[in-house]
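Observations on the model geometry
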Amino acid sequence: FMKTFVKILVAILVVAALCGGIYLVLPETAQTFVKGNIQYRINDEAKKRVDEAKNSQIKYTYKDNGIKKIYDPGTTYGSALENKAKTTVWYYESNGTGGYTITFYGTKVSMDLAKYGSDGTYIDKTLKVVFDYKPNNNGGYTGTVSWYIDNEPCEESITLAVVQALCN
């Protein structure tokens, strides 16, 4: 009986070490998929914050004859982002100063940005969106959103085109 128990224990340790090793050699985005999916199921604070980000309305500013206008397409970040990507994950991180960050990763995103005044069609790219929330004086949060295609930060004109492509 003891030999069998030791063999089973060694087998479990070997499998755990293999899984850990494979996880460590995965690229950052793959590790985030694993962490984000587990986190969303077991961390209530993360689930609450991710759901708030997913359910927030997309609004963007554009210039019409030099006049700044805010457009509200009536779309949430969650539906716009998740509809364009093959696989998605949302990841929550507290930043230690009372604020927090939500990161969205989507794979195999394809968008034609030429329709929205930007060069290029993006096919099967990784889209990363970082929602950075800092505490404000009202007891709430002030948020900024940063956009990345294949981990390259998007310029303002590309960001506007990406947001329009997601909403249409």
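Now for a description of the structure that goes with this document. Quantities reported herein were computed from a predicted structural model and do not represent experimental measurements.

1. Let's talk about the overall build of the protein chain
Check the secondary structure of the protein chain and you find 5 helices and 7 strands. Listing each helix as α and each strand as β along the protein chain from the N terminus yields α-α-α-β-β-α-β-β-β-β-β-α. Scaling as 2.2 N^0.38, a compact globule of 168 residues should have a C-alpha radius of gyration of about 15 Å, whereas the protein chain reaches 20 Å, well beyond that. Viewed in the frame of its principal axes, the protein chain has a C-alpha envelope of about 80 × 40 × 25 Å. With 168 residues in all, the protein chain has 33% of them scored as buried. Across the protein chain, contacts joining residues at least 24 apart in sequence account for 44% of those joining residues at least 6 apart. If you sum the accessible surface of the protein chain, you get close to 10500 Å²; carbon and sulfur atoms cover 55% of it.

2. Details of the pairing of strand S3 (residues 87–94)
As judged from the 8 bridges shared by S3 and strand S4 (residues 100–112), these two strands associate in the antiparallel manner. Of the residues in S4, the one forming a bridge with Glu 93 is Thr 101. The antiparallel pairing of S3 with S4 creates a hairpin that spans 5 residues between the two strands, and Gly 96 there sits at a positive phi of about 85°.

3. Topic: unusual backbone geometry
Backbone geometry places Asp 124, a non-glycine residue, at a positive phi of 55°. Examined against the element boundaries, Asp 124 turns out to sit in strand S5 (residues 121–135). The exposure class of Asp 124 is partly exposed, given its relative accessible area of 46%. For Asp 150, which is not glycine, the phi torsion reads 50° and is therefore positive.

4. Overview of the nonpolar core
Residues Leu 81, Trp 90, Ile 102, Leu 127, Trp 147 and Val 162 are the most contacted members of the largest nonpolar core, which totals 32 residues. When residues in this core are grouped by element, the largest group, 7 residues, is from helix H5 (residues 156–167). Setting aside residues up to four positions removed in sequence, Leu 127 forms contacts with Leu 81, Phe 104, Tyr 105, Gly 106, Val 109, Trp 147, Tyr 148, Ile 149, Val 162 and Leu 166.

5. Some details on a nonpolar patch on the surface
On the surface, Phe 1, Met 2, Phe 5, Val 6, Leu 9, Val 10, Leu 13, Val 14, Leu 18 and Ile 22 cluster together into a nonpolar patch covering about 1100 Å² of accessible area. Residue placement: Phe 1 occurs in the segment before helix H1 (2–25).

6. With respect to the pairing of strand S6 (residues 141–149)
Pairing analysis gives 9 bridges linking S5 to S6, with the strands arranged antiparallel. Within the sheet, the bridge partner assigned to Tyr 133 lies in S6 and is Gly 143. Taking the residues that link successive antiparallel strands as the turn, the S5-S6 hairpin has 5 residues, and the phi of Gly 139 there is positive, at about 85°. Of the strand pairs in this sheet, S6 and strand S7 (residues 152–153) are connected by 2 bridges, and their pairing is antiparallel. When the sheet's bridge partners are listed, Tyr 148 is paired in S7 with Pro 153.

7. Looking at helix H3 (residues 44–55)
With 12 residues, H3 should cover 16 Å at 1.5 Å per step; its first-to-last C-alpha distance of 16 Å lies within 8% of that length. Listed as buried for H3 are Ala 46, Arg 49, Val 50, Ala 53 and Lys 54. Each buried residue of H3 lies within a common arc of 140° when the element is viewed along its axis, so the set occupies one face. Summarising the geometry of H3, the exposed residues directed more than 90 degrees from the buried face are Asp 44 and Asn 55. The backbone nitrogen of Glu 45 lies 3.0 Å from a side-chain oxygen of the residue at the head of H3, namely Asn 43.

Criteria and thresholds
- Residues numbered from 1 in each chain as written.
- Predicted model: local features only at pLDDT ≥ 70, side-chain atom pairs only at ≥ 80, totals over all residues.
- Heavy atoms only, no water.
- Helix = DSSP H or I, 4+ residues; strand = E, 2+ residues; numbered from the N terminus.
- Rg over C-alpha atoms; globule rule 2.2 N^0.38 Å.
- Buried < 20%, exposed > 50% of the residue type's maximum accessible area, 1.4 Å probe, protein only.
- Contact = heavy atoms within 4.5 Å.
- Areas by Shrake-Rupley, 256 points an atom, 1.4 Å probe, with all protein chains shown as cover.
- Pairing = 2+ DSSP bridges.
- Core = buried A, V, L, I, M, F, W, Y, C linked by side-chain atoms within 4.5 Å.
- Patch = residues over 30% accessible without salt bridge, like charges linked within 9 Å, V, L, I, M, F, W, Y side chains within 5 Å.
- Salt bridge = Lys/Arg side-chain N within 4 Å of Asp/Glu carboxyl O.
- Expected span 1.5 Å × (residues − 1).
- Arc of directions from axis to C-beta.
- Polar contact = N/O pair within 3.5 Å; in protein donor to acceptor, adjacent residues only side chain to side chain.

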